[in-house]
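Residues per chain, in single letters:
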Amino acid sequence: MLTRYLLLAGLALAAVSLAGFGLWLASLPAMPVAAAPSPVPQAEMDAMLAALKPPKRARPVVAVVGINDATETTDYLMPIGILRRADIADVMALSTEPGPVKLYPALTAEADATIEAFDELHPEGADYVIVPAMSRDDDPVVTAWLRKQAQGGAVIIAVCAGAKVLAAAGLLDGRRATTHWYYLGDLLKRHPSIRYVTDRRMVMDRGVGTTTGITASMPMMLTLIEAIAGRNKAEAVAGDLGLDGWGPRHDSGAFRLTRPFATTVLGNRLAFWNRDRFGMALEPGMDEVSLALVADAWSRTYRSSVTPFAASPAAVTTRNGVRLLPDKVTAAWSGERLMLDKRPAETLDSALQDIGARYGQGTADAVAMQLEYPQQGRGP
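So, a few notes on the structure that sits alongside this text. (Residues numbered from 1 in each chain as written. Predicted model: local features only at pLDDT ≥ 70, side-chain atom pairs only at ≥ 80, totals over all residues. Heavy atoms only, no water.)

### Description of the pairing of strand E12 (residues 208-211)
Here E12 shows no split at all, with Val208 and Thr210 on one side and Gly209 and Thr211 on the other all buried. With 2 bridges joining them, strand E8 (residues 155-158) and E12 adopt parallel strand pairing. Pairing of Ile156 across the sheet is with Val208, part of E12. (Buried < 20%, exposed > 50% of the residue type's maximum accessible area, 1.4 Å probe, protein only. Helix = DSSP H or I, 4+ residues; strand = E, 2+ residues; numbered from the N terminus. Pairing = 2+ DSSP bridges.)

So this is what it looks like as structure tokens:
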């Protein structure tokens with residue numbers, strides 16, 4: 001009898017849970033509220049460029065900082081790859097501790113130095129500090145170091161959810177800011193003095209910059225290059241990346257939690273028996289920006305994972321000096337491989353098209369939503 005009661009109680013609880021989930025799902029909008037945001041005034045753009053001028057050196061020192069156990073792939077690698085190809089600053093990849101930097105959702109990198117070693121090499125501090133999203137927003141080593149760098153006059157720039165790290169360090173108190181759409185509500189709840197700016201890919205306020213989604217590091221780094229070395233240099237780098245233009249204009253309403261997004265992610269997660277594992281060969285001289293974008297995108301389908309491989313366990317050095325470590329040591333990959341044969345922006349568009357062809361357009365849209373990337377022909 002007791003068993004029967006427990007079974008009935010369990011079924012009742014499951015029914016209530018399913019009903020609650022169904023109500024939550026039904027409450028989500030069917031589509032994001034996309035709009036055509038107003039052009040950014042030239043005065044605002046001029047003020048941003050002025051705020052990004054080198055604060056200390058003619059050839060600035062840029063530090064891209066990450067924690068060893070979990071730093072976002074594209075947030076960490078793209079700023080390094082973009083700024084180094086411009087050759088207008090000395091760019092260092094940093095970690096909080098010795099050892100490799102595990103990136104998520106894919107890849108592993110070797111930092112150039114720890115933040116302690118960087119401080120010894122540059123006691124006057126960095127000109128710019130780039131802060132990716134990290135698995136812990138309030139790592140005490142990172143937050144203390146960021147406050148020290150800001151006090152020393154460095155311009156601090158968060159990529160995507162790196163804004164949460166800046167907020168934990170107290171650097172966004174009372175400032176205008178933006179961040180990835182998914183974390184916005186929690187950020188403002190925890191730090192109510194932040195003044196959120198809508199319809200902007202990037203925001204600068206008194207030496208602290210923030211950006212929207214994961215792919216926002218591309219326009220942000222191009223804007224930084226323009227501030228340091230001029231429009232012509234930025235346009236040359238943009239051409240190398242495959243971009244026709246860049247800027248702070250953004251349609252914030254096009255990115256939010258929707259019913260199609262939720263059902264696609266849930267359905268893909270539940271299909272745990274149907275997973276693809278793609279190999280990606282780490283080769284000397286490969287484009288680290290293209291690599292980061294493709295690995296990030298294919299790792300966010302909830303249907304596939306990416307395994308970087310190489311014939312040796314030694315680090316492989318990319319086009320712009322990033323050292324990457326393979327997850328698997330093998331000379332050949334027996335399964336399907338992901339290839340890099342286009343410029344970075346074109347590579348991401350191609351990856352999204354391939355994801356849509358393989359798993360359906362809903363999955364491609366879900367990946368683009370996670371990246372907060374306006375797909376060509378589908379977004380703003």
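### Things to note about helix H10 (residues 259-270)
Taking 1.5 Å of rise per residue, the 12 residues of H10 would be expected to cover 16 Å, and the 16 Å separating its terminal C-alpha atoms lies within 8% of that figure. The residue sitting at the N-terminus of H10 and contributing the capping side-chain oxygen is Thr258; that oxygen lies 3.3 Å from the backbone nitrogen of Phe261. (Expected span 1.5 Å × (residues − 1). Polar contact = N/O pair within 3.5 Å; in protein donor to acceptor, adjacent residues only side chain to side chain.)

### Here's the deal with helix H13 (residues 361-371)
Each α-helix winds once per 3.6 residues, and so residues spaced three or four apart point in a common direction. Burial runs high along H13: 8 of the 11 residues are buried. Within the sequence span of H13, burial applies to Thr363, Ala364, Ala366, Val367, Ala368, Met369, Gln370 and Leu371. Packing partners of the buried residues in H13 comprise H10, helix H11 (288-298) and helix H12 (344-359). Among the residues trailing H13, Glu372 stands out with phi positive, at a value near 50 degrees. (Contact = heavy atoms within 4.5 Å.)

### Points about the packing of helix H2 (residues 42-51) against helix H8 (residues 217-229)
Interhelical geometry of H2 versus H8 gives an angle of 70 degrees and a closest axis separation of 8 Å. As the angle between them shows, H2 and H8 are arranged roughly perpendicular. Within the contact between the two elements, H2 uses Met45, Met48 and Leu49 and H8 uses Thr223, Glu226 and Ala227. Grouping the amino acids of the contact of H2 with H8 by side-chain chemistry returns 4 nonpolar, 1 polar and 1 charged. (Axes fitted to C-alpha atoms, helices over the stretch in contact; angles between N-to-C directions. Parallel < 35°, antiparallel > 145°, perpendicular 65-115°, else oblique. Nonpolar A, V, L, I, M, F, W, Y, C, P; charged D, E, K, R; others polar.)

### Section: the pattern of salt bridges
As enumerated under the stated definition, the model contains 29 salt bridges in all. For the salt bridge of Glu110 with Arg323, the shortest nitrogen-to-oxygen distance reads 3.0 Å. Of this pair, Glu110 sits in strand E5 (residues 108-110) while Arg323 sits in strand E16 (residues 323-324), and the two are 213 residues apart along the sequence. Judged by relative accessible area, which is 25%, Arg323 ranks as partly exposed. Ionic pairing is found between Arg323 and Asp112, a salt bridge with its closest N-O pair at 3.4 Å. Of this pair, Arg323 sits in strand E16 while Asp112 is found in the loop between E5 and strand E6 (113-114), placing the two residues 211 residues apart along the sequence. Judged by relative accessible area, which is 30%, Asp112 ranks as partly exposed. Because the salt bridges share partners, they merge into one network encompassing Arg85, Asp240, Asp287, Glu288 and Arg319. (Salt bridge = Lys/Arg side-chain N within 4 Å of Asp/Glu carboxyl O.)

Read these as layout, nothing more, since geometry by itself doesn't imply function.
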